[in-house]
Amino acid sequence: MWRTRWWVPDGRHGDQPHPPLLLVFNRIGPRNPNTVIAQLAELTERHWKGTAYDGGFHMYDGKLPIVVTGMKQLQEHGPAGAVFRRFGRPQNQTLIEAIGNPRREAHDARKQAEYAARQREHKEELRRIAAEHRAEREARRPVCAGCGTRFTDERWKAIEPAGWDAPRETHPHLCDDCKQRAITAERQAEQAGPEHQEHDQAVPEQKAGGTWLSRFRG
């Protein structure tokens, strides 16, 4: 029946004890309860003795926790007092501590804290490395030859080689604004080009005509 009612917390692999057994002794007559408790602990050792681990705790998988106390101690300190002695442990504990495994829980808490600290250190290291990479990348960021401002990520990506057959970026040393101004100036120069060419062609004819007329005038 106890198997249908006894519950072990999830994740307690390797430490799933049977339900604890509480024995309350009431001294009546000449028999000494302390002697009886010692004899009982010795005779039942194979049922309650746990397996020691390096972390300073025991595992009680498949074992029967046996807890003893006295009626006089219960009357003096109440059921919430540290008046319970579990077989295999040297000191009295509260009932919750006696039927539980506080040393293992403390060990698990330390391991969890150490793991969390390592995780924080790892994340901090990753942040530090990422910051160094960002600083190194910023140091390589191109500067506009026209206005001296640093390129945006989009402009930086646009001037990087993309392949043999990719169109070549014009004005790779200029930022977007300076590039647009340079392109506008080039277009204006191209549009004004034919007028300058006609003017340049007319000047020699006028000079030549002036020389021919000067001969007749002379």
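Undergrad: Could you give an account of the overall build of the protein chain, with specific residues and numbers?
TA: The secondary structure content of the protein chain amounts to 9 helices and 5 strands. Of the regular secondary structure in the protein chain, the N- to C-terminal order runs α-β-α-α-β-β-β-α-β-α-α-α-α-α. Within the span of the protein chain, comprising 218 residues, buried residues form 21% of the whole. Accessible area of the protein chain: about 17000 Å², with a carbon and sulfur share of 54%.

Undergrad: Before we move on, can you summarise a nonpolar patch on the surface with the specific residues and values?
TA: Among the surface-exposed residues, L22, V24 and M71 lie close enough to one another that they form a single nonpolar patch of about 220 Å² accessible area. Tracing the backbone through its elements, the reader meets L22 in strand β1 (residues 21-25).

Undergrad: Account for the nonpolar core, with residues named and values stated.
TA: Counting residues in hydrophobic clusters, the biggest one holds 7 residues: C144, F151, W156, L174, C175, C178 and A182. Beyond its immediate stretch of four places on either side in the chain, F151 contacts R141, P142, V143, C144, W156, I159, P172, H173, L174 and C175. In terms of nonpolar packing, the next biggest core, distinct from the first, is built from 6 residues, I37, W48, I66 and F87 among them.

Undergrad: I'd like a rundown of the confidence of the model for the protein chain, residues and numbers included.
TA: As a general rule, the predicted coordinates of low-pLDDT regions are not to be interpreted in detail. Per-chain confidence: the protein chain averages 84 in pLDDT, with 83% of residues scoring 70 or above. Long-range and interchain partners of residues 205-218, a stretch whose pLDDT sits below 50, account for 0 contacts in this model, where long-range means more than four residues apart.

Undergrad: Report on the pairing of strand β4 (residues 66-70), specifying residues and quantitative values.
TA: Taken across its 5 residues, β4 has 5 buried, putting it largely inside the fold. By the alternation rule, side chains of β4 split into I66, V68 and G70 and V67 and T69, which are all buried. By the bridge criterion, 2 bridges tie β4 to strand β5 (residues 85-86) in an arrangement that is antiparallel. Along β5, the bridge assignment pairs V68 with R85.

Undergrad: Describe the sheet that holds β4, and please don't skip the residues or the numbers.
TA: Overall, mixed pairing links the 3 strands, which are arranged β1-β4-β5 in an open sheet. Sheet topology places β1 and β5 at the edges, where each strand pairs with a single neighbour. Examined bridge by bridge, β1 and β4 share 5 bridges and lie parallel to one another. Bridge assignment links V24 to a residue of β4, and that residue is T69.

Undergrad: So, the side chain of T69: which residues are in play, and what are the values?
TA: Checked against the element boundaries, T69 lands in strand β4. Excluding residues within four positions of it along the chain, T69 makes contact with L22, L23, V24, F25, L74, V83 and F84.

Undergrad: So, helix α2 (residues 33-43): which residues are in play, and what are the values?
TA: Buried residues of α2: P33, I37 and A41, and no others. Angular distribution of buried residues about the axis of α2 spans 75 degrees; they occupy a single face of the element. Counted as exposed and oriented over 90 degrees from the buried face of α2: E42 and L43. Of the residues that open α2, the one with a side-chain oxygen 3.0 Å from the backbone nitrogen of N34 is N32.

Undergrad: Outline the side chain of H107, listing residues and values.
TA: Here H107 lies in helix α6 (residues 102-140). The residues touching H107, leaving out its near neighbours within four places in the chain, are G55 and F57.

Undergrad: I'd love a proper account of the pattern of salt bridges, names of residues and values included.
TA: The tally for this structure, following the rule as stated, stands at 10 salt bridges. A salt bridge links E45 to K49; the nearest nitrogen and oxygen atoms lie 3.4 Å apart. Put simply, E114 and K111 hold a salt bridge, and the shortest N to O gap is 3.9 Å. Separated by 3 residues within a single helix, E114 and K111 lie in helix α6, roughly one turn from each other. Here E114 falls in the partly exposed class, since its relative accessible area comes to 39%. Note on K111: relative accessible area 45%, which makes it partly exposed. Salt bridges sharing common partners tie together R137, E138, R141 and D153.

Undergrad: Account for the environment of R150, with residues named and values stated.
TA: Among the secondary structure elements, R150 is positioned in the loop between α6 and α7 (153-159). Relative accessible area serves as the criterion here: at 48%, R150 is assigned to the partly exposed category. R150 sits 25 residues away from C175 along the chain, and the two C-alpha atoms are 7.7 Å apart. Setting aside its immediate chain neighbours within four residues, R150 contacts E138, R141, P142 and V143.

What counts as what
- Residues numbered from 1 in each chain as written.
- Predicted model: local features only at pLDDT ≥ 70, side-chain atom pairs only at ≥ 80, totals over all residues.
- Heavy atoms only, no water.
- Helix = DSSP H or I, 4+ residues; strand = E, 2+ residues; numbered from the N terminus.
- Buried < 20%, exposed > 50% of the residue type's maximum accessible area, 1.4 Å probe, protein only.
- Areas by Shrake-Rupley, 256 points an atom, 1.4 Å probe, with all protein chains shown as cover.
- Patch = residues over 30% accessible without salt bridge, like charges linked within 9 Å, V, L, I, M, F, W, Y side chains within 5 Å.
- Salt bridge = Lys/Arg side-chain N within 4 Å of Asp/Glu carboxyl O.
- Core = buried A, V, L, I, M, F, W, Y, C linked by side-chain atoms within 4.5 Å.
- Contact = heavy atoms within 4.5 Å.
- pLDDT = per-residue confidence, 0-100.
- Pairing = 2+ DSSP bridges.
- Arc of directions from axis to C-beta.
- Polar contact = N/O pair within 3.5 Å; in protein donor to acceptor, adjacent residues only side chain to side chain.

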